[in-house]
Amino acid sequence: MRESYQPVLSALLNKKCFSLFITFLLICSYVQATIITVCQNCEVSTVTQAVQMAQPYDTIKVQAGEYETVSLEIKKPLTLLGEPGANLNGAEKNYILKLLADSITVSGFSILNSGRSYTKDYAAVYVYKASHVKIINNKISKAFFAILVEKSKNAVISGNNVLGTAKKESQSGNGIHLWHCDSMKIDKNEVTGMRDGIYLEFVDNSLVKNNYTHHNVRYGLHFMFSNHDEYTDNKFEQNGAGVAVMFSKWIVMKRNHFYKNWGTASYGLLLKEIYDGEVYENRFEENTIGIYIDGSTRMTYSRNTLRQNGWGVKVSGGCYTNVFKENNFISNSFDLSYNSQLNDNTFNNNFWSEYTGYDLDKDDKGDVPYRPVKLFSYIVNQTPETIILLRSLFVDIINFSEKVSPVFTPDKLVDESPSIRSF
Amino acid sequence: MIKILKYSFSDLMRSKWSYIYLIFYLILGFVLLFLNNDVSKAIITLMNLIVVLTPLIGTIFGIMYYYNSREFTELLLAQPVSRSKIFFGQYLGIALSLSLSLVIGLGVPFLIYGIFQSTEIFNFSMLLVSGAFLTFIFVALSVLIGLYNSNKIKGFGYAILMWLFLAVIYDGVLLIAMVMFRDYPLDNLALAASFFNPIDLSRIMILLKLDISALLGYTGALFQKFFGTGAGLVTSLFILLLWIVIPVGMMLKKSKSKDF
């Protein structure tokens, strides 16, 4: 049902001050958008039809029902509201929704069955060159890519629930995929069963907050070539690897929870070629590798808790002037592992659960320096099969002798004032 | 046999060593829980301790009891009782009383600190089971050594050496071998080698609970299969059982042919 302003308009046109009315009309159409209701027995029975007849800034309300929507292009600013049970079904053919104009809102829908392809990135919701788009509280399932945003700005992607069925990396798409975007906000989404939960490539000044990504095939959250971004309060559970941050600068990572990312190439957090980032107040629990650092420089790690990981922190080549302070290393199989004897990173005032020193002057800092790299972690790096001797008495003995006089482990790698209490 | 078991058992229960052993575990359990006030942390510390300590105590107790009760054994041998019954009864007496000390000694403190309300109940029972297994294995091995050596000093020496070998030297040799042959595929060797040492085996059983995240970091498919599924636990338990059956069998066979 489309309400009309025609009678009012013609009445007004009889009067003389024509230009005033035109102005009034413009304001009127801008502020008082019409509402188009779509339901299966209504006059307007498909979403496509509604979008065609809608004027810019109209609202389309979609009632419960199954609507086949294949590659629906929206080229004017519209608000699409789905009522509970409103399903947009892509019939496994193509894109489902294509948002190609600014200020489009898509909210409350259940969107399912996008096409699958090895040459095209079919997505349930596709956004291209648009700003101020809002994608809120949708349920997206059985999609190739769930939400794919390209060359856009100031979008909000919030409260969506993405459920995929990915088995292999090569045959699946990402949950929320952003490419060449700026000032985006991604929050309170839940993504599971996709390739990457959230993927950001060339995305600057964006915020990723309160998301929960779990059981994805590859990464929970993946950054490439993205600068000045922040992700906080997210939870990453049982993904192929928790979070990978690669080739990015000035990333802030705060209060995230990395949990049970298990496997041969599995990390809570993978940092590759990262500069000037901050990692603080995160929790890493029961991951194969808590933090894996490769070629990262000028990073600050503080107040993180690493508990019961296989490796707390694994440092690979080319990491310079990183600072680790006030972190908790608790019951990890290996707190810290280095693959070389060089060390240019600082460890200061961390809490190490395996620290055996004492604190005579009661300043809460141990009087004996702590050496976090054990000989056995060096041996396991060289010969991975020796992992089977973990916690053996013989290994404890050789670790002790190495602690007394370091030969194989970096001798300058010392925490001079290890904390007695955990933070 | 039951009579002999009963006799050995009550004999050991009367001796002060069982009480000292019991009190040791009681104190250990209480102190650990008092210092940590966290059941799961205390279990981790205990796991490290138990794989070394129970074999040592089992070995010393087993060989000591065998030599001390030698005269009584000879007296029994003069009676119309079959030899296997005598030795099996004595063996069970020692192993049961030691296991009982272990279970009570650690069970009481943990019960008081509320193990049943904790999620660690499985880890804790795992700890007690592997401790009991190790006791049974090492008592059998040390009685076997006693049977083969009439000379007390020699017997003691061999028993301690056996413990030292299995607890420390074996792992050292294995480590050196693995580092030397690191260019070759080693996962078969690593797993097989640990089957030949009960201490390693129970250590791995414990690792499966504690350090599973680290163990899964290794790429070998065999490791993945062994550690990633329930197969690891079942196989370990089965082989530990073999480690009891074979020495006990050898013990009974030797006892039949031994000239006292």
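Residues numbered from 1 in each chain as written. Chains lettered and ligands numbered in written order. Predicted model: local features only at pLDDT ≥ 70, side-chain atom pairs only at ≥ 80, totals over all residues. Heavy atoms only, no water.

J.: Got a sec to walk through the domain arrangement of chain A? Specific residues and values, please.
T.: When cut into domains, chain A gives domain 1 (1–32) and domain 2 (35–404). Centre-to-centre separation of domain 1 of chain A and domain 2 of chain A, based on C-alpha positions: 50 Å. (Domains from an automatic or database assignment.)

J.: Go over the interface of chain A and chain B, please, and point to the residues and values.
T.: In this complex, chain A contributes 28 residues to the contact, which on the side of chain B involves 34 residues. With both chains or domains summed, chain A and chain B bury close to 2,700 Å², and 71% of this area falls on carbon and sulfur atoms. When the buried area of chain A at its contact with chain B is split by residue, A:Glu385, A:Ile388 and A:Arg391 rank highest and sum to 28% of it. Linking chain A with chain B are zero salt bridges. (Contact = heavy atoms within 4.5 Å. Buried area = accessible area lost by both parts, 1.4 Å probe. Salt bridge = Lys/Arg side-chain N within 4 Å of Asp/Glu carboxyl O.)

J.: I'd like a description of the nonpolar core, backed by residues and values.
T.: Counting residues in hydrophobic clusters, the biggest one holds 107 residues, and the most contacted among them are A:Phe376, B:Tyr91 and B:Phe110. If we skip the residues at most four places from it in the chain, A:Phe376 touches A:Phe334, A:Thr386, A:Ile387, A:Leu389, A:Leu390, A:Val395, A:Asn399 and B:Leu175. (Core = buried A, V, L, I, M, F, W, Y, C linked by side-chain atoms within 4.5 Å. Buried < 20%, exposed > 50% of the residue type's maximum accessible area, 1.4 Å probe, protein only.)

J.: Give a description of the environment of A:His132 that names residues and reports values.
T.: Residue and element names in this part refer to chain A. For His132, the location among the structural elements is in the loop between β10 (123–128) and β11 (134–136). Residue His132 is classed as partly exposed on the basis of its relative accessible area of 45%. Placed 21 residues apart in sequence, His132 and Lys153 show a C-alpha to C-alpha distance of 6.5 Å. For His132, the residues in contact, after removing those within four places along its chain, are Ser103, Ile104, Lys153, Asn154 and Ala155. (Helix = DSSP H or I, 4+ residues; strand = E, 2+ residues; numbered from the N terminus.)

J.: Explain the side chain of A:Ser417 residue by residue, including any values.
T.: All names here are of chain A. Mapping Ser417 onto the fold places it in the segment after α5 (393–404). Classification of Ser417 by relative accessible area gives buried; the value is 17%. Among the polar contacts listed, one links the side chain of Ser417 to the side chain of Asn348, at a separation of 2.9 Å. If sequence neighbours within four positions are ignored, Ser417 has contacts with Asn348, Asn349, Asn350, Lys365 and Gly366. (Polar contact = N/O pair within 3.5 Å; in protein donor to acceptor, adjacent residues only side chain to side chain.)

J.: Describe the packing of aromatic side chains, with residues and values.
T.: Residues and elements named next belong to chain A. According to the stated counting rule, one finds 30 aromatic pairs over all chains in the structure shown. Geometrically, the ring pair formed by Tyr95 and Tyr122 is edge-to-face, given 5.2 Å between the ring centres and 90° between the ring planes. Highlighted residues: Tyr95 in the loop between β6 (86–89) and β7 (97–99) and Tyr122 in the loop between β9 (110–112) and β10, separated in sequence by 27 residues. With respect to class, Tyr95 is no different from Tyr122; both count as buried. Taken together, Tyr301, Phe324, Phe329, Phe347, Trp352, Tyr355 and Tyr370 form an aromatic cluster joined through their ring pairs. We note Lys314 situated over the ring of Trp311; from NZ or CZ to the ring centre the distance is 4.6 Å. (Phe/Tyr/Trp six-rings, centres within 6.5 Å; stacked < 30°, edge-to-face > 60°. Lys NZ or Arg CZ within 6 Å of the ring centre and 35° of its normal.)

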